[in-house]
Structures are given as structure tokens and as C-alpha cells.
Amino acid sequence: MFCPCCGVPHISKVNNNAAVADFVCNNCGSIFELKTKQGRIGNKINDGSYDTMIERICSHTNPDLFVMRYSTNYCITDLTIIPKFFFVPKIIEKRKPLAPTAKRAGWIGCNILYSNIPKQGKIDIIKNSSVKPVGEIVEKYSIIKKLQTMDLESRSWLLDILSCVNNIPTNEFTLKDIYKYVDVLQQIHINNNNVEAKIRQQLQFLRDKGFIEFLERGHYKKII
Ligand SMILES: [Zn+2]
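The residue numbering used here restarts from 1 in each chain and proceeds along that chain's sequence as written. Per-residue local features of the predicted model are confined to residues with pLDDT of at least 70, and side-chain atom pairs are confined, for both listing and counting, to 80 or more; whole-chain, interface and lining totals are unaffected and use all residues.

**A look at the domain arrangement of the protein chain**
- Domain annotation for the protein chain reports domain 1 (12–147) and domain 2 (152–222).
- In this document the domain limits rely on a domain assignment from an automatic tool or a database. Just the C-alpha atoms count here: the centres of domain 1 and domain 2 sit 26 Å apart.
- Any two residues are considered in contact once their C-beta atoms, placed from the backbone, lie within 7 Å. Residue-level contacts link 10 residues of domain 1 with nine residues of domain 2.
- Nonpolar residues are Ala, Val, Leu, Ile, Met, Phe, Trp, Tyr, Cys and Pro. Charged residues are Asp, Glu, Lys and Arg, and all others, Gly as well, are polar. Taken together, the residues of the side of domain 1 that touches domain 2 break down into six nonpolar, one polar and three charged.

**Description of the sheet that holds strand β12 (residues 212–216)**
- Here, strands pair whenever DSSP counts at least two bridges between them. Going along the chain from the N terminus, every DSSP run of H or I of four or more residues is numbered as a helix, and every run of E of two or more is numbered as a strand. Read across the sheet, three strands follow the order β11-β13-β12 without closing on themselves; strand pairing throughout is antiparallel. Looking at the sheet topology across the chains shown, the edges are occupied by β11 (172–174) and β12. Neighbour to neighbour, the strand axes of the sheet diverge by 30 degrees on average, direction disregarded.
- For β12 and strand β13 (residues 219–222), the ladder comprises four bridges, and the chain directions are antiparallel. Note on β13: the bridge partner recorded for E216 is H219. Each axis is a line fitted through C-alpha atoms, taken for helices only over the stretch in contact, and angles between the N-to-C directions span 0 to 180 degrees.

**A closer look at the pairing of strand β5 (residues 64–70)**
- Direction of pairing for strand β3 (residues 31–38) relative to β5: parallel, over a ladder of seven bridges. Residue pairing across strands places L34 opposite F66, the latter belonging to β5.
- Linking β5 back to strand β6 (residues 76–82) in an antiparallel pair, the connection comprises five residues, with Y74 at a positive phi of about 60 degrees.

**With respect to the sheet that holds strand β4 (residues 44–49)**
- Pairing in this open sheet of three strands is antiparallel, and the strands run β4-β8-β7 from one edge to the other. The open sheet has two edge strands with one neighbour each: β4 and β7 (92–94). Along the sheet, successive strands turn relative to each other by an average axial angle of 35 degrees, direction set aside.
- Of the pairings in the sheet, the one linking β7 to strand β8 (residues 109–113) comprises three bridges and is antiparallel in character. By the bridge assignment for β8, K94 is matched with C110.
- Relative to β4, helix α1 (residues 50–58) is tilted by about 95 degrees, and along the sheet it contacts β4, β7 and β8.

Structure, rendered in C-alpha cells:
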């Protein structure tokens, strides 16, 4: 497997069982976790301990995630990479603690709410058994990386606004279209007193990064 971040032909397997990552790129230092599933990926992906996952997201050592799907004859049909900066605590769902009768009684696992990750954060490497060109993936990754922000609160706002923009069915939209999400956003960000201003600020950020275009006052166009 090549490195989707820098394009070198190989990434290496991490041999340490205690490590949070499965693979590492010795060129750019990126680390990757691999989740595999036979058949459909669905809306949720089962992952390990809830607390460990939240801790990882809040740290700077969160790996990028490879999501691999394989068929009954063990052929890889789909492989997608989700950059680490698309992870926020909100997309991690707490599972019920294991029953008292279980070997690890009380242990709490988590699910990654895969369908809640904005489409821009899912870069296809293999789609329907067809492999995309390396250059295309590396370029996509570098474009998406412009959205990287270390601060979780800013990241959360950005991804929420990106999801709202994605939800608008038309390619061009107005401020009024996105203000329809004010109530939903207010519920998520209860401490924010000016959601509309925050929306405008995030739209400016998305424009500066080349994801949307400002056409005229209050009119926007999706680019990526
Ligand atoms: Zn690399």
C-alpha cells in the first residue's frame, strides 16, 4: 500500500501490539488504523474502547483511518481513507457496557458513525474493485488537508457547517438556505450565542480554502 498522504510506494506494518496504529509511513510519519469488514460498511463501524477513542481524537496522535471492504472470496472491493482531522467526539457513539457475565464485564466499546462523516472526508482508494490512480488520491488528500485544524471546537464547527452545505440539495445556495440549520446547530453548540455569525465565519473559511465560492452577497456555490 502506498502512502495516501505523501505518495511513497510503501507504508509499513506497525509490529507493536500496544500501538494505536496498524501502519506507518516512514517518509512523512503519518500513521494509519485499518478497519475491515466483509460486505456492506453500513452506517456504523465497530471500534475499540470508547474512552481510548475519545482520548485519541483529543490528542495529536490520532491515526488516519483506512476502511476496507472485502468480498466472500477475500478480494478487496473498496478501500477508503478518512483523514484524522475529520474525527470529532460527536461521531463516536458509546456502546452499552458488556454484561456482568462477559469476560470483560463493564467494558465500553464504541462505534464510528461513518455516515455522519462529511463526504469530503472519505477519499476512495478502491471503489467497486477498481483502484484509483495514486496521484489523484494524494492530490485529493492535500486539498482536504487544508481543512485541518487542531482545535476540536473549531473542527467540530467546520464539519457541522460542511455537513449542512452538503445537505443542501442544490449546487448554489443562499445564506437563507443554510440558516435553516440554525436550530439544529444551536442544539449541538449550546454555549454559542450567535450561531448565524458562526455560520458566516465558517463559510468564509470554506471559501478561503477553496471549497465554496461567493457569487454575490449571500449567494454561494459549492466547489468541492
Ligand atoms: Zn507518507
